[in-house]
Amino acid sequence: GLSPGSEPFWVSPQEMVQEIHQVLMDREDTCHRTCFSLHLDGNMLDHFSELRSVEGLQEGSVLRVVEEPYTVREARIHVRHVRDLLKSLDPSDAFNGVDCNSLSFLSVFTDGDLGDSGKRKKGLEMDPIDCTPPEYILPGSRERPLCPLQPQNRDWKPLQCLKVLTMSGWNPPPGNRKMHGDLMYLFVITAEDRQVSITASTRGFYLNQSTAYHFNPKPASPRFLSHSLVELLNQISPTFKKNFAVLQKKRVQRHPFERIATPFQVYSWTAPQAEHAMDCVRAEDAYTSRLGYEEHIPGQTRDWNEELQTTRELPRKNLPERLLRERAIFKVHSDFTAAATRGAMAVIDGNVMAINPSEETKMQMFIWNNIFFSLGFDVRDHYKDFGGDVAAYVAPTNDLNGVRTYNVVDVEGLYTLGTVVVDYRGYRVTAQSIIPGILERDQEQSVIYGSIDFGKTVVSHPRYLELLERTSRPLKILRHRVLNDRDEEVELCSSVECKGIIGNDGRHYILDLLRTFPPDLNFLPVPGEELPEECARAGFPRAHRHKLCCLRQELVDAFVEHRYLLFMKLAALQLMQQKASQLETSFSLENGGPSSMESKPEDPPGPEAGSEEEGSSASGLAKVKELAETIAADDGTADPRSREVIRNACRAVGSISSTAFDIRFNPDIFSPGVRFPESCQDEVRDQKQLLKDAAAFLLSCQIPSLVKDCTEHAVLPMDGATLAEVMRQRGINMRYLGKVLELVLRSPARQQLDHVYKIGIGELITRSAKHIFKTYLQGVELSGLSAAISHFLNCFLSSYPNPVAHLPADELVSKKRSKRRKNRPPGAADNTAWAVMTPQELWRNICQEAKNYFDFSLECETVDQAVETYGLQKITLLREISLKTGIQVLLKEYSFDSRHKPAFTEEDVLNIFPVVKHVNPKASDAFHFFQSGQAKVQQGFLKEGCELINEALNLFNNVYGAMHVETCACLRLLARLHYIMGDYAEALSNQQKAVLMSERVMGIEHPNTIQEYMHLALYCFASSQLSTALSLLYRARYLMLLVFGEDHPEMALLDNNIGLVLHGVMEYDLSLRFLENALAVSTKYHGPKALKVALSHHLVARVYESKAEFRSALQHEKEGYTIYKTQLGEDHEKTKESSEYLKCLTQQAVALQRTMNEIYRNGSSANIPPLKFTAPSMASVLEQLNVINGILFIPLSQKDLENLKAEVARRHQLQEASRNRDKAEEPMATEPEPEPSGGPDLGSELQAAKDPPPSVQG
């Protein structure tokens, strides 16, 4: 491609013409051109075609860039693009949460791009580096500053190119000027303070002779017409010319991941004080009459529903088609989410006219930009039986979960609405795409399936049954019959309030999916129904605030999986008994048949029952599987006795079929107002029992297994969000948080769960505060927002006993008091009841809310008591409440503990953002590649695994674009693999991307980001970038202190890393502070006898050895040796290594003592051999770093890799062989023990130190 005056570059035939357009607009030398077309041999190329489809294009063809005449639209695009270039290094969009910009601070800690600096500093960096961290990062520091969270980036001090660039007041051009080609006028003040007026014409930009008060469109001198505004400005302002060039250089030097837009907006809860700059383009966007129009398609709104549904209809027969389809679905979803969020905010801020303006505020509905908005209130007593407004508030999120689920099942011909739920300023807004024709019709006549009155009138439709039948197996929903108000039976395959409507476009839509999943009986007391004993013990059922509590999909899946295992065991047991009874036929005839066959359906034997008879079960299970398949196939080959076995097992586990395992739930059971036909009584009774069992399963299996995983540190939550995530992965709803904490308190390993307890209490407090804050905010008008929010934060977090709220009337005096209107926009309440809240009252309400909602009793009346009793940090509570409610506060040090002045003033509250919930469309093929790559890696096939994961990365990029959470996990795994295979440069480059992406997509202090920083530090150290490694580790430690505090199992790993690096650069005393802290934390969380603790002792001993303090060194190594000996035995290599090291230390100690004695005897004339105190070699430090980070080997060559692979394969065969040999006598369901030592086991090698899934897990 060639553009006037720039060097050519190559393009590939896969690219679209429009992509080359984008590239040219981004390149440093051509970035100021926007209005051009590409020509080949004089023919213009179509913007939307692929290059390979262009006739006559071949290798070496040159595309010419031809400037096109401007239109008003093109001129606007050009000015906007120039503005974007001028602001390209300015972070204010990221702080303000607009245009999918977000923050990244990695470059502050790596001094630019790692790749290049790696090449420059190839020499070992042994020139002295300053390793002392700031005071607040050192172990034991009580200070938790906020400012370092967002350090000032050098590049942000913007190079000023212009003072002002705005639209001129002379717009629009009068008619006679339009006929001269004038499109619009701009007003500019240059950095040299020259004021000029510019005409944008069809031919380009030139200066005109207008002033602020006098219109003169004639060209001014220099009479220079330029197709590019930048070239014109270069002509008239030397400062602009110089600074713009530097700015573009800097812009293209930044890592692309720092500037690519994220798919969904990420908001920052803190921001520094910013100067508000004049910004013509934004100003014009905000105040043109087109508030609702999307910028890219001036003059037309997008038909969201049509876009969302058409993308679903794209073909999906092969990989390229599926990629195209998933890409389109993802793109339109992220656009829709952005539009819905803007619309919801406009609705609450009162900028959208209601479609029913005469009704009361709560009842109002809105349409904006082809999206329908409704508020989360109980309109027309729709939810009267379910809990009124409270039910109306949770229904949208339940509905969104339903939409998400049906979208994943993805049945052709069944359509759901685009749905986004936005919480903003205390209101919940549901945004939905609009079914064509629904607004013109009455809802009664358009619903042809389901019920609009919760089951009084119910209708069904054969096409809907057929479509929903296809979802019933994956969603475990039972097809069932209900009675309508005329006592007729109606067949459904969903809950009654799921409605089917055929749009004017002929598509079958389903909506109101709020009860896709079965009800949670623990929170739904039903008169006359008893819950199982384990529920009653835990104090259930408890009445919740609403009756829409349902089980999570993860729980339903786990429950069914659990039942399947039970089913297999029961059947295997019976088959064995049959075998036994064939031998003893004479016996069983006298005893009247084997009794254990009749296992009563309501009492399925628990997993412990039958552990004695499990002798030969592994082969038994295989037989059952075969048998189950035969019977399910129903080809008549199975004998009746085997059928009997399967039938009994089915009955025992509550399967709906008697010939195969199949568990489904009827979502209408216990639904107020739904009645079932007489003929279904048995089925209904079984379904009720199944629901009770599921509720019991959550309490007796899922919560204990969560606590067990936390005790064993298999999951390591670090803040509220990560705790919520591990609960949800196991299907435990947040309303069980109190129960989880009770179990933690009762756990014998209470000490090792300290971090989980702290996070849980913090989460309980901030969630309770959030509930209160929501209603508190609903009474605040726009002008009082910052005063009200700062007052709430003072009551919540400040030690100041009686904060006073500033009412907004202070500043301005208004002549007339407005009368109250009943139909004000939602966010315009004008009462000041919020101003009388006190800290005592708020904390009383928080404790009451924790008791009512979570059934947990907090022992605190003030924030200081809470901090004292539970070991919390105020800064952490501030972060948690801000993230949950969308508050943004000023980046400064808050004096939370001052008793003389409140911590927050109204100037400290900068913004309130929406909290958005939406569907996350998935890249399914990419994810399968990723999973199979992980599996390969675990089997030791690193090369193959690497290829698969690279392929997954390409597919992720294909579907999601460059930025996405899943891409981030992919990059981290790739980096780890490259590192293990010894390719440090590649590891560094991938991990750098992973860190940038995690900062941009998950947040700069998200626990995942902290993890990524630690991995990057390791790879930096291996590439001998020591000072960078240290500053990354210090950053990770600072973030962890802010997010949680010091007392966390992950901190032990982090401090071991820091201590080792410091040891490597011979900062022994500093190193010991971190290593000894790590030792203390490990001892607390893993117990004093753990292998991790032994390793920690060894690391400390090594530093003492380097300091020649042999007594301390010996003491620590002995502790380690004792642990190895008791845990692994005398003959284990670890124990041997430790005893060798002890010998070595003793010899050194003896040598030192000899020398000292020599000095005492002979005074200064003594002949002293020089003592050998060596600094540890980098290699030995790296080796220890690999050990603590769970990377146990670094192959040196391809050959080693091959040997390793062969070894793994050999061992695998051995295991298989021994497994088959032991089949007969092996007790069931025990994994073969890995040999205690026999070279490293690959599973453990790749066991990431602790990565949240997905990761390379052994």
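Residues numbered from 1 in each chain as written. Predicted model: local features only at pLDDT ≥ 70, side-chain atom pairs only at ≥ 80, totals over all residues. Heavy atoms only, no water.

**Q** What's the story with the side chain of Gln248 in this structure? I'm lost.
**A** Mapped onto the elements, Gln248 comes out in helix H8 (residues 238-253). What makes Gln248 buried here is its relative accessible area of 2%. Within the local environment of Gln248, its side chain forms a polar contact with the side chain of Arg251, the two groups lying 2.4 Å apart. (Helix = DSSP H or I, 4+ residues; strand = E, 2+ residues; numbered from the N terminus. Buried < 20%, exposed > 50% of the residue type's maximum accessible area, 1.4 Å probe, protein only. Polar contact = N/O pair within 3.5 Å; in protein donor to acceptor, adjacent residues only side chain to side chain.)

**Q** Help me out: how do you make sense of H8 in this one?
**A** Note on helix geometry: an α-helix contains 3.6 residues per turn, so any two residues three or four positions apart are oriented the same way. With 16 residues, H8 should cover 22 Å at 1.5 Å per step; its first-to-last C-alpha distance of 23 Å lies within 8% of that length. Restricting attention to buried positions, one finds in H8 the residues Phe240, Asn243, Phe244, Leu247, Gln248 and Arg251. Around the axis of H8, the buried residues are gathered within 140° of arc, so they sit on the same side. Turned more than 90 degrees away from the buried face of H8 sit Pro238, Lys241, Lys242 and Gln253, all of them exposed. Packed against the buried residues of H8 are helix H1 (17-26), helix H2 (72-86), strand S4 (162-167), helix H7 (229-236) and helix H9 (256-259). (Expected span 1.5 Å × (residues − 1). Arc of directions from axis to C-beta. Contact = heavy atoms within 4.5 Å.)

**Q** What should I look at first to understand the environment of Ile260 in this one?
**A** Within the secondary structure, Ile260 is located in the loop between H9 and strand S8 (270-271). A residue is classified by how much of its surface remains accessible, and Ile260, at 28% relative accessible area, is partly exposed. When the C-alpha atoms of Ile260 and Gly961 are compared, they prove to be 9.4 Å apart, with 701 residues separating the residues in sequence. Excluding its chain neighbours within four sequence positions, the residues that come into contact with Ile260 are Ala962, Met963 and Arg1000.

**Q** Please explain the side chain of Thr885 as it appears in this structure.
**A** Its location among the elements puts Thr885 in helix H28 (residues 874-885). Among the polar contacts made by the side chain of Thr885, one reaches the main-chain carbonyl oxygen of Ile881 at a distance of 2.7 Å. Beyond its immediate chain neighbours, meaning those up to four positions away, Thr885 contacts Lys770, Phe773, Ile912, Phe913 and Val915.

**Q** I would appreciate a short explanation of the pattern of salt bridges in the present structure.
**A** Opposite charge on two side chains permits pairing when their charged atoms draw close. For the structure on display, the rule yields 72 salt bridges. Of the charged contacts in the structure, one is a salt bridge between Glu488 and Arg486, with a shortest N-O distance of 3.4 Å. Classification of Arg486 as exposed rests on a relative accessible area of 61%. Linking Asp709 and Arg730 is a salt bridge whose minimum nitrogen-to-oxygen distance equals 2.8 Å. Residue Asp709 is located in helix H21 (residues 681-711), and its partner Arg730 is located in the loop between helix H22 (720-729) and helix H23 (737-746); the two are separated by 21 residues in the primary sequence. There is no split in this pair, since Asp709 and Arg730 are both buried. (Salt bridge = Lys/Arg side-chain N within 4 Å of Asp/Glu carboxyl O.)

**Q** What's the story with the nonpolar core in this structure? I'm lost.
**A** In this structure, Phe796 and Leu858 are the most contacted members of the largest nonpolar core, which totals 277 residues. When residues no more than four places from it in sequence are discounted, the contact partners of Leu858 are Ile761, Leu764, Ile765, Ile846, Cys847, Ala850 and Tyr870. Core analysis: the second largest hydrophobic core is formed by 29 residues, Cys31, Ile198, Leu232 and Phe240 among them. (Core = buried A, V, L, I, M, F, W, Y, C linked by side-chain atoms within 4.5 Å.)

**Q** Even after reading the chapter, I still don't get the state of the cysteines, so can you show me in this structure?
**A** As used here, a disulfide is simply a covalent bond connecting the sulfur atoms of two cysteines. Counted under the stated rule, the structure contains zero disulfides. Here Cys498 stays free of any disulfide, with the sulfur of Cys493 as its closest cysteine sulfur at 9.5 Å. (Disulfide = S-S within 2.5 Å.)

**Q** Which parts of the structure should I look at to understand the sheet that holds strand S2 (residues 43-44)?
**A** One open sheet accounts for three strands, arranged S2-S1-S3; its pairing is antiparallel. Looking at strand neighbours, the two that pair on one side only are S2 and strand S3 (64-67), the edges of this open sheet. (Pairing = 2+ DSSP bridges.)

**Q** Would you mind showing me how to read the sheet that holds strand S7 (residues 204-208) here?
**A** For sheets, the rule is that strands pair by backbone hydrogen bonds, running either parallel or antiparallel. Read across the open sheet, the four strands follow the order S4-S5-S6-S7; overall the sheet is antiparallel. Whereas interior strands pair on both sides, the edge strands pair on one side only; in this sheet they are S4 and S7. Going across the sheet, the axis of each strand differs from the next one's by a mean of 30°, ignoring polarity. As defined by bridge partners, strand S5 (residues 182-190) adjoins strand S6 (residues 195-201) across seven bridges and the pair is classed as antiparallel. Following the sheet pairing, Ile189 is matched in S6 by Gln195. Contacts from H2 reach S4, S5, S6 and S7, with the element oriented near 20° to S5. (Axes fitted to C-alpha atoms, helices over the stretch in contact; angles between N-to-C directions.)

**Q** I tried to follow the pairing of strand S15 (residues 480-483) on my own but got confused; where do I start?
**A** A regular strand places its side chains so that they alternate between the two faces of the sheet. Here S15 pairs with strand S16 (residues 489-492) via four bridges, running antiparallel. Residue pairing in the sheet places Arg481 in a bridge with Glu491 of S16. Turn length for the S15-S16 hairpin, with the two strands adjacent in sequence and antiparallel, is five residues, and the turn residue Asp487 shows positive phi of about 60°.

**Q** Please clarify how the packing of aromatic side chains should be interpreted in this entry.
**A** Given two aromatic rings, one states the distance between the centres and the angle between the planes to describe the pair. Going through the model one piece at a time under the given rule, you end up with 40 aromatic pairs. Note on Phe927 and Phe930: the rings are 6.4 Å apart at their centroids and 35° apart in plane angle, and the pair reads as tilted. Residue Phe927 and its partner Phe930 are located together in helix H29 (residues 924-938), separated by three residues, close to a single helical turn. Assessed through its relative accessible area of 31%, Phe927 is described here as partly exposed. By way of ring pairs, the aromatic residues Phe264, Phe330, Phe927, Phe930, Phe956 and Tyr960 are connected into one cluster. Directly above the aromatic system of Tyr757 lies the positively charged group of Arg750, at a separation of 4.5 Å from the ring centroid. The ring of Tyr393 has Lys774 sitting right over it, with the charged end atom 3.8 Å from the ring centre. (Phe/Tyr/Trp six-rings, centres within 6.5 Å; stacked < 30°, edge-to-face > 60°. Lys NZ or Arg CZ within 6 Å of the ring centre and 35° of its normal.)

Nothing here speaks to function; it is geometry throughout.
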